Amino acid sequence: MPIHPRDRVAGARRSSIPECRCERSTSVTTAAQVRESAGTWTIPSLIRRNAEEHGDAPALTGSGRTTSWAELRDAVAAAAHGLRAAGLGPGDRMLIDVSARPEHWIADFAATHLGALPCTTYATLSTEQIRHVATHSAATVVVLEGEAQLRRWRPVLDSLPALRAVVVLDGAVAPGGDARFVGYDDLMLGGAELHRGDRAQLERWTDAVRAADPVTMIYTSGTTGAPKGVVLSHANVLYQAAAQELLNPVEPNPRLVAYLPLAHVAERVLGMYLPVFSAAHVTVCPDQTQLLPTLKAVRPHGFFGVPRVWEKMAAGIQAILGSLPEENRAPIDKARDVAARVYAIKADGSEPPAELASAYEQADAGVLRPLREQLGLDQATRFGSGAAPIPASVLEFFGSLGITIMEVWGLSETTGAATTTFVDRYRAGTVGMPVPGMELRLAEDGEIEVRGPLVFPGYLDADGRVEPDTDAGGWLATGDIGTIDDDGFLRITDRKKELIITASGKNIAPSRAEGLLRAHPLIGYAAVIGDRRPYLTALLALDDEAAPAWAKARGLETTDLGELAAHPDVRAELDGAVEAANGELSRPEQVKRYSVLAEPWTPETGELTPTLKLKRRVIADRYATDIASLYDQEGQQ
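Report on the accompanying structure. Please read these numbers as outputs of a predicted model, since none were measured by experiment.

Thoughts on the sheet that holds strand β22 (residues 458-460)
Phase 1 of the analysis: The sheet built from four strands is open, its strands ordered β11-β12-β22-β23 with antiparallel pairing. Here the strands that pair on one side only, and so sit at the sheet edges, are β11 (214-219) and β23 (466-467).
Phase 2 of the analysis: Pairing of β11 with strand β12 (residues 229-233), which is carried by five bridges, proceeds in the antiparallel orientation. Bridged to Thr216 within β12 is Leu232.
Phase 3 of the analysis: Those strands touched by helix α10 (residues 265-278) are β11 and β12, and its axis lies near 145 degrees from that of β11.

Now the structure itself:
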């Protein structure tokens, strides 16, 4: 494999790393192939292609109906005409606060056709956070869903000087007497009439969009400070889509499920841009509690889960397997053992011997595929995880079910995945190698820097300009700390700003201990504390689904989380979990004390971002008393 030479510029201090050309992957995908596949397409031109070549094929299912590609383009045309009449033009910003429903896709794509910049806001934003985003973006149009959204936005709207229109999907809640407000149905009716009167306008809009133009803006979730507006181009998102299709192809016109927030880059790429690129059929799942039934109904060809989703799936299967009688569990264990051996062999690009391969085929057909069917993943061949570290034990567990999860790493600023593991080249605990065309290097302090076609044009400035955040050589400092092994696999150790420096001066990445703790089914989330402290401690939030089930299975008198947090049986189990985690850690990394919290953590309660990352500043402030007690010598563990 070619080696990227050490930067020879005088004074530069960088680590040399392998450059990914993917020669070891059976797909033999190169950057040139990705560039050729992405071409000069744009989202509008691909929607036109899909309507012409796959017009009758399903594009989007949600809210009780399925829309074909031809119907979707007509709806986008009506919305584009309606939004243009409402005052949205090229270069304008449009904010969307709408749940996952087809109208969200339609409004977003319509703005893109106009050369405007759509941006979905997180549903969990407070009114003051909305004020920051709306003011910074100088939004011209805002699209809201209904009464709940209007209640949070109403105190902000009068302070936005650039605002021309507020589109409300539930037109009945729009206040009367304010000309800025328009119901979505009225906008679509007026837009459809304009489209019928001048159908060529849609083609002019489509042809005017260029690959280098902005396609969306994503406000980072703000775990460490005020959110920034990350601007991505058509070229960024379609290079990512082309790379994913070439590296891990699935069925033509695949079935996919969209369930993550559209404010996050993962669902933007996987639920919007990749489906447009591959003319896929997306089923919208607006309620994550209905994800499993949706997967079973859709049988998607690919599935991406944030680590917590995979962890919950693993815990559920393990609970089912653990409840089976020995005679029923034995053949499953045998089949999983065969799959685990195949998974380990393929990790290094090797092929299992013929006898083992034959045994795997039998085990898969008779035992493992039916297990995957229980998850709705029996027809899926593309599996991914990202947004946060996933425990190696979870990856290996799914490997024993015949599911090879490709772990990716990246940022909004890198259009999602900048690195990935490959179907024939993976290593649990790493995030793989660079996506073809991307380059990595390590700064002297271990910070990962990236360069390539997935790096964003820049952040939106308050004056409307897009300001690059790369150095003169095009390198982006990511804020993540990592290491690269001799085979070129990248391992993320922590966020640069989240490194704990103990009172003795030890630099410790809390994410490793947190991942080991979270691997226990009882623990929903763990936050390791210790900055400027003599040792590490942890706050543990029980899993609100697994903990009551665990208690019920053991005949405990309660399933209430608050009571379970103090129950001696639960504490004994957690003692074992902490001890097991500490056994994998060096002495300075070990957790000396912990506190069990009486309530779960969710994005709604504020401790987590919408993509289920820890908000460390919120946690430190909210649980200051609990943390102080862990360092009180009189405190009890």
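Some words on the pattern of salt bridges
Phase 1 of the analysis: Scanning the model with the defined rule gives 38 salt bridges in all.
Phase 2 of the analysis: A salt bridge links Arg465 to Asp461; its shortest N-O distance comes to 3.5 Å.
Phase 3 of the analysis: For Arg465, a relative accessible area of 47% puts it in the partly exposed group.
Phase 4 of the analysis: Residue classification places Asp461 among the partly exposed positions, given a relative accessible area of 26%.
Phase 5 of the analysis: Each of Arg308, Glu311, Lys312, Arg518, Asp543, Asp544 and Glu545 takes part in a single network of salt bridges with overlapping partners.

A few points about the sheet that holds strand β19 (residues 433-434)
Phase 1 of the analysis: Taken in spatial order, the five strands make up an open sheet running β15-β16-β17-β18-β19, and their pairing is mixed. In this open sheet, the two edge strands, each paired with only one partner strand, are β15 (302-305) and β19.
Phase 2 of the analysis: Pairing of strand β18 (residues 416-420) with β19, which is carried by two bridges, proceeds in the antiparallel orientation. Opposite Thr420, over in β19, you have Met433 as the bridge partner.

Comments concerning the pairing of strand β21 (residues 447-451)
Consecutive residues of a regular strand have side chains that alternate between opposite faces of the sheet.
Phase 1 of the analysis: When you tally the buried positions in β21, you get four out of five residues, the bulk of the element.
Phase 2 of the analysis: Here four bridges tie strand β20 (residues 439-443) to β21, and the two strands are oriented antiparallel to one another. Opposite Glu439, over in β21, you have Arg451 as the bridge partner.
Phase 3 of the analysis: Between β20 and the antiparallel strand that follows it, β21, lie three residues; Gly446 among them carries a positive phi value of about 90 degrees.
Phase 4 of the analysis: The pairing of β21 with strand β24 (residues 476-484) spans three bridges and is classified as antiparallel. Bridge pairing in β24 places Val450 opposite Leu476.

Describing the side chain of Arg441
Phase 1 of the analysis: Looking at the secondary structure, you find Arg441 in strand β20.
Phase 2 of the analysis: Within polar-contact distance, the side chain of Arg441 engages the side chain of Glu449 at 2.8 Å.
Phase 3 of the analysis: There is a polar contact of 3.4 Å between the side chain of Arg441 and the side chain of Asp471.

Observations regarding a negative patch on the surface
Phase 1 of the analysis: Taken together, the side chains of Glu557, Asp560, Glu563 and Asp569 define an acidic patch exposed on the protein surface.
Phase 2 of the analysis: Here Glu563 shows up in helix α18 (residues 561-565).
Phase 3 of the analysis: Glu563 sits in the partly exposed class, given a relative accessible area of 47%.

Cut-offs applied
Residues numbered from 1 in each chain as written. Predicted model: local features only at pLDDT ≥ 70, side-chain atom pairs only at ≥ 80, totals over all residues. Heavy atoms only, no water. Pairing = 2+ DSSP bridges. Helix = DSSP H or I, 4+ residues; strand = E, 2+ residues; numbered from the N terminus. Contact = heavy atoms within 4.5 Å. Axes fitted to C-alpha atoms, helices over the stretch in contact; angles between N-to-C directions. Salt bridge = Lys/Arg side-chain N within 4 Å of Asp/Glu carboxyl O. Buried < 20%, exposed > 50% of the residue type's maximum accessible area, 1.4 Å probe, protein only. Polar contact = N/O pair within 3.5 Å; in protein donor to acceptor, adjacent residues only side chain to side chain. Patch = residues over 30% accessible without salt bridge, like charges linked within 9 Å, V, L, I, M, F, W, Y side chains within 5 Å. Areas by Shrake-Rupley, 256 points an atom, 1.4 Å probe, with all protein chains shown as cover. Lys, Arg positive; Asp, Glu negative; His and termini not counted. Charge placed at Lys NZ, Arg CZ, Asp CG, Glu CD.

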